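Descriptive analysis of the structure
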Amino acid sequence: TLISALHVWLDSYPEDFKESPNHPALLQLVHFCEEYLPATELEAKVRHRLDRYSREPRIDPLLTPPPSFAMRANIPGWKRYGLPDVPVRHFAEQLTRMDV
């Protein structure tokens, strides 16, 4: 369900929600919860995160790591990472050696 996916996203990728200065993704999620999921565990979790992130000291954005989605999207200023081309047979042999 959507609620479960949002719980997992909040727990697994917290950096996606730390966008300073106002944490717009968390604010949108708070508004969504207020309208559609009031007084739920998800709303409490989102409000707690927003409160906690709002109290954290401000860090220069150039020193913070990119959000996890930056590796998947074309974001200006970030290089797109490409995996090296490794032949399938060589890759399988390496995995087999690791198993031994």
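Just so it is clear, the structure is predicted and the values come from calculations on it, not from any experiment. (Residues numbered from 1 in each chain as written. Predicted model: local features only at pLDDT ≥ 70, side-chain atom pairs only at ≥ 80, totals over all residues. Heavy atoms only, no water.)

A cluster of nonpolar side chains, namely V86, F91 and L95, defines an oily patch on the protein surface of about 260 Å² accessible area. For L95, the position within the fold is in helix α4 (residues 88–99). Accessibility expressed as a relative area gives 39% for L95, which makes it partly exposed. (Patch = residues over 30% accessible without salt bridge, like charges linked within 9 Å, V, L, I, M, F, W, Y side chains within 5 Å. Areas by Shrake-Rupley, 256 points an atom, 1.4 Å probe, with all protein chains shown as cover. Salt bridge = Lys/Arg side-chain N within 4 Å of Asp/Glu carboxyl O. Helix = DSSP H or I, 4+ residues; strand = E, 2+ residues; numbered from the N terminus. Buried < 20%, exposed > 50% of the residue type's maximum accessible area, 1.4 Å probe, protein only.)

To continue, consider the packing of helix α1 (residues 2–12) against helix α2 (residues 24–36). For any two helices packed against each other, one specifies the inter-axial angle together with the distance between the axes. At their nearest, the axes of α1 and α2 sit 13 Å apart, and the two run at 150 degrees to each other. As far as their axial angle goes, α2 and α1 are roughly antiparallel. Crossing angle aside, the handedness with which α1 passes α2 is left-handed. Each of L2, L6 and L10 in α1 lies in contact with α2, whose residues at this interface are L26, L29 and F32. Taken together, the residues of the contact of α1 with α2 break down into 6 nonpolar, no polar and no charged. (Axes fitted to C-alpha atoms, helices over the stretch in contact; angles between N-to-C directions. Parallel < 35°, antiparallel > 145°, perpendicular 65-115°, else oblique. Left-handed = near helix turned anticlockwise from the far one by under 90°. Contact = heavy atoms within 4.5 Å. Nonpolar A, V, L, I, M, F, W, Y, C, P; charged D, E, K, R; others polar.)

With that settled, consider the pattern of salt bridges. Counted under the stated rule, the structure contains 7 salt bridges. Of the charged contacts in the structure, one is a salt bridge between R49 and D11, with a shortest N-O distance of 3.2 Å. Of this pair, R49 sits in helix α3 (residues 41–55) while D11 sits in helix α1, and the two are 38 residues apart along the sequence. Judged by relative accessible area, D11 falls into the partly exposed class, the value being 44%. In this structure, E93 engages R89 in a salt bridge whose closest nitrogen and oxygen atoms are separated by 3.4 Å. Here E93 and its partner R89 are both found in helix α4, 4 residues apart, which amounts to about one turn of the helix. Note on R89: relative accessible area 66%, which makes it exposed. Residues joined in a network through salt bridges with shared partners are D11, K45 and R49.

Turning our eyes to something else, we now look at the nonpolar core. One finds L6, L10, F17, L26, L29, V30, C33, L37, L42, V46, L50 and Y53 forming the largest nonpolar core, which totals 12 residues. Elements supplying a minimum of two residues to this core: α1, α2 and α3. If we skip the residues at most four places from it in the chain, L6 touches L29, F32 and L42. (Core = buried A, V, L, I, M, F, W, Y, C linked by side-chain atoms within 4.5 Å.)

Okay, the packing of aromatic side chains next. Under the definition given, this model contains 2 aromatic pairs. Both rings, one in F32 and one in Y36, keep their centres 5.1 Å apart while their planes meet at 45 degrees; by these two values the pair is tilted. With a gap of 4 residues between them, F32 and Y36 both fall in helix α2, about one helical turn apart. According to the relative accessible area criterion, Y36 is exposed, its value standing at 54%. (Phe/Tyr/Trp six-rings, centres within 6.5 Å; stacked < 30°, edge-to-face > 60°.)

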